[in-house]
Amino acid sequence: MNRIKLIIKKIQRKLSFKRSRLNTSARMFIPGIGKKLIVFPFTTLIIIPVVLLVAISGYLLIRSDVFLVKNVTVTIEGGIEGDSLYSEGIASLEEIQTIAEDKTVARSLWNVDTTAIATSIKEKYPSIENVTVDTKLLESVNVLVQERKAIAQVSIEKKEVTPDGKELSKEEYYLIDQNGEIYLQVNRKVALPVFNYPSEFQNIQEANSIIGYTFPQSLTPAVVKIINSLEEYGRFELNEVIVKDSTTLEITTSEQVKLVIGIMKDIDEQIRKLEVVHEQIVYSGRAVSLIDTRFDKTVVQYK
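Not measured: the values here are computed from a predicted model.

Here the focus is the overall build of the protein chain. Counting its secondary structure elements, the protein chain contains seven helices and 14 strands. Summarising the internal contacts of the protein chain: among those between residues at least 6 apart in sequence, 50% fall at separations of at least 24. If you sum the accessible surface of the protein chain, you get close to 19300 Å²; carbon and sulfur atoms cover 54% of it.

Okay, here's the thing in structure tokens:
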């Protein structure tokens, strides 16, 4: 039994010695320090070069062609069809493509500043509402541009004096978004209802800049909801939207039918009544000049 114990102790000492040899390197004497010995752990000597090797390999991989941007895709959503409509501020696919490529192509995906790309595009084009830059795919950058949705246009009369003293007037057209903000000038009248807000036009004329002018938020959401609801119904082509006062909206259709809707009343209920009455009118085949939904019973005037 004692002999077995001695054999086990010898084996344990050998194993302990081997572990010690693996964890430490040979002791070295440093003359400047004196008799003290400095021991460098074996594991540290191995880990340091491995970490450096991994870091260098990662750096070289990042700098390699694997992560260089080679393709840029630009997609534009929203807006109005027909680039020729815009005199300035149009979100041109070709120009946005150029901006994105200048800031991405032949650069590492890790060095692409998506925020800077989105900001530069939005600053150049006031018609853009949002820009999303996606760099998740290797070698590719996807740019999604979302234009503001124009709900109407406003016509502003501008007067100019010629060198010979004659006064000339011309109409300028601007687009209005869903927030009631005038955000873009167009070079001609477009296929959108003309928004007429007489009590606000004096303020617009006196504003330092027409672009950026926002109509009163107390009325804008209701007006926008009415316009969108009529567009969804799809049976009226709107020509002009007139805010008569703080409670009444008058809309003239392409068939010269005047729709009168209460801004401060239940809009959903009024649109529902308008649709029901209009279906009855279409079925009867009679022509009408006015539909007024402000009252309990819808008022209809026939031609």
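Back to the write-up after that little detour.
Of all hydrophobic cores here, the largest spans 39 residues; its most connected members are Ile182, Phe195, Leu230 and Ile251. It is helix α6 (residues 220-233) that provides the largest number of residues to this core, a total of seven residues. With residues up to four places along the chain from it excluded, the contact list for isoleucine 251 reads Ile226, Leu230, Leu238, Glu240, Val241, Val257, Lys258, Leu259 and Ile261. Core analysis: the second largest hydrophobic core is formed by 17 residues, Val112, Ile117, Val133 and Val143 among them.

Turning next to unusual backbone geometry. The phi dihedral of glutamine 256 is positive, around 60 degrees, even though this residue is not glycine. Within the secondary structure, glutamine 256 sits in the loop between β11 (248-253) and β12 (258-262).

Counted under the stated rule, the structure contains one cavity of 30 Å³ or more. What the largest cavity holds in volume is close to 100 Å³. Contributing to the lining of the largest cavity are 14 residues, with Gly180, Phe195, Phe215, Thr220 and Val223 lying nearest its centre. Ranked by residues supplied to the lining of the largest cavity, first place goes to α6 with four residues. Of the residues contributing to the lining of the largest cavity, the split by class is twelve nonpolar, two polar and no charged.

A separate point is the environment of glutamate 172. For glutamate 172, the location among the structural elements is in strand β7 (residues 167-177). Sequence separation between glutamate 172 and valine 186 is 14 residues, and the spatial gap between their C-alpha atoms is 7.7 Å. Apart from residues lying up to four places away in sequence, glutamate 172 is in contact with Val154, Ser155, Ile156, Lys158 and Gln185. For glutamate 172, the side chain forms a polar contact with the side chain of tyrosine 174, separated by 2.5 Å.

If you trace the backbone, lysine 103 turns up in the loop between α3 (93-102) and α4 (114-124). Placed 34 residues apart in sequence, lysine 103 and valine 69 show a C-alpha to C-alpha distance of 9.9 Å. Not counting residues up to four positions away in its chain, the partners in contact with lysine 103 are Ile117 and Ser120.

Attention shifts here to the sheet that holds strand β4 (residues 128-134). The sheet built from three strands is open, its strands ordered β3-β5-β4 with mixed pairing. Each of the sheet's edge strands pairs with one partner strand only, and the pair in question is β3 (71-77) and β4. Pairs of neighbouring strands in the sheet enclose a mean axial angle of 15 degrees, with direction left out of account. Where β3 lies against strand β5 (residues 140-147), seven bridges are found, and the strand directions are parallel. Within β5, the residue paired with valine 72 across the bridge is valine 141. Set on the sheet, α3 makes contact with β3, β4 and β5; between it and β3 the angle comes to about 140 degrees. Strands in contact with α4 are β4 and β5; relative to β4, the strand with the most contacts, it is inclined by about 155 degrees.

Okay, the confidence of the model for the protein chain next. Caution applies to low-pLDDT parts of the model: their predicted coordinates are not meant to be read in detail. Confidence along the protein chain averages 77 in pLDDT terms, with 73% of residues attaining 70 or more. Ignoring residues within four places in sequence, the model shows residues 17-29, a span with pLDDT below 50, making 21 contacts including any to other chains. Here residues 81-88 is modelled with pLDDT under 50, and outside its nearest four sequence neighbours on either side it reaches 18 contacts, counting other chains as well.

Rules and cut-offs
All residue numbers here refer to positions counted from 1 along the written sequence of the relevant chain. In keeping with the model being predicted, local features are shown solely for residues with a pLDDT of at least 70 and side-chain atom pairs are shown and tallied solely at 80 or more, while totals for entire chains, interfaces and linings include all residues. The basis for every side-chain value is the complete set of non-hydrogen atoms in the structure, without hydrogens or water. The way it works is that DSSP assigns letters per residue, a run of H or I at least four long becomes a helix, a run of E at least two long becomes a strand, and they are numbered from the N terminus. Any two residues having at least one pair of non-hydrogen atoms within 4.5 Å are treated as being in contact. All accessible-area figures derive from a Shrake-Rupley calculation using a 1.4 Å probe, and residue coverage is judged against the displayed protein chains alone. Throughout, nonpolar core names a set of buried Ala, Val, Leu, Ile, Met, Phe, Trp, Tyr and Cys residues whose side chains join them through atoms within 4.5 Å. Only protein chains enter the area calculation, which uses a 1.4 Å probe; residues under 20% of their type maximum are buried, those over 50% are exposed, and those in between are partly exposed. Two kinds of site are reported from a 1 Å grid over the protein atoms alone, namely cavities, where a 1.4 Å probe fits but cannot get out, and pockets, open sets with protein on both sides within 12 Å along at least five of seven lines, and residues are called lining when an atom falls within 4 Å of a point. Grid points are joined across faces, edges and corners, and a volume is the space filled by probe spheres set on the points. When residues are sorted by character, Ala, Val, Leu, Ile, Met, Phe, Trp, Tyr, Cys and Pro go into the nonpolar class, Asp, Glu, Lys and Arg into the charged class, and all the rest, Gly among them, into the polar class. Any pair of nitrogen or oxygen atoms within 3.5 Å is treated as a polar contact; in protein, a donor-acceptor pairing is required on top of that, and neighbouring residues in sequence qualify only through side-chain atoms on both sides. Any two strands are treated as partners once DSSP identifies two or more bridges connecting them. Think of each axis as a best-fit line through the C-alpha atoms, taken over the contacting stretch in the case of a helix, with angles from 0 to 180 degrees between the N-to-C directions. The predictor attaches a confidence to each residue, and that confidence, scored 0 to 100, is pLDDT.

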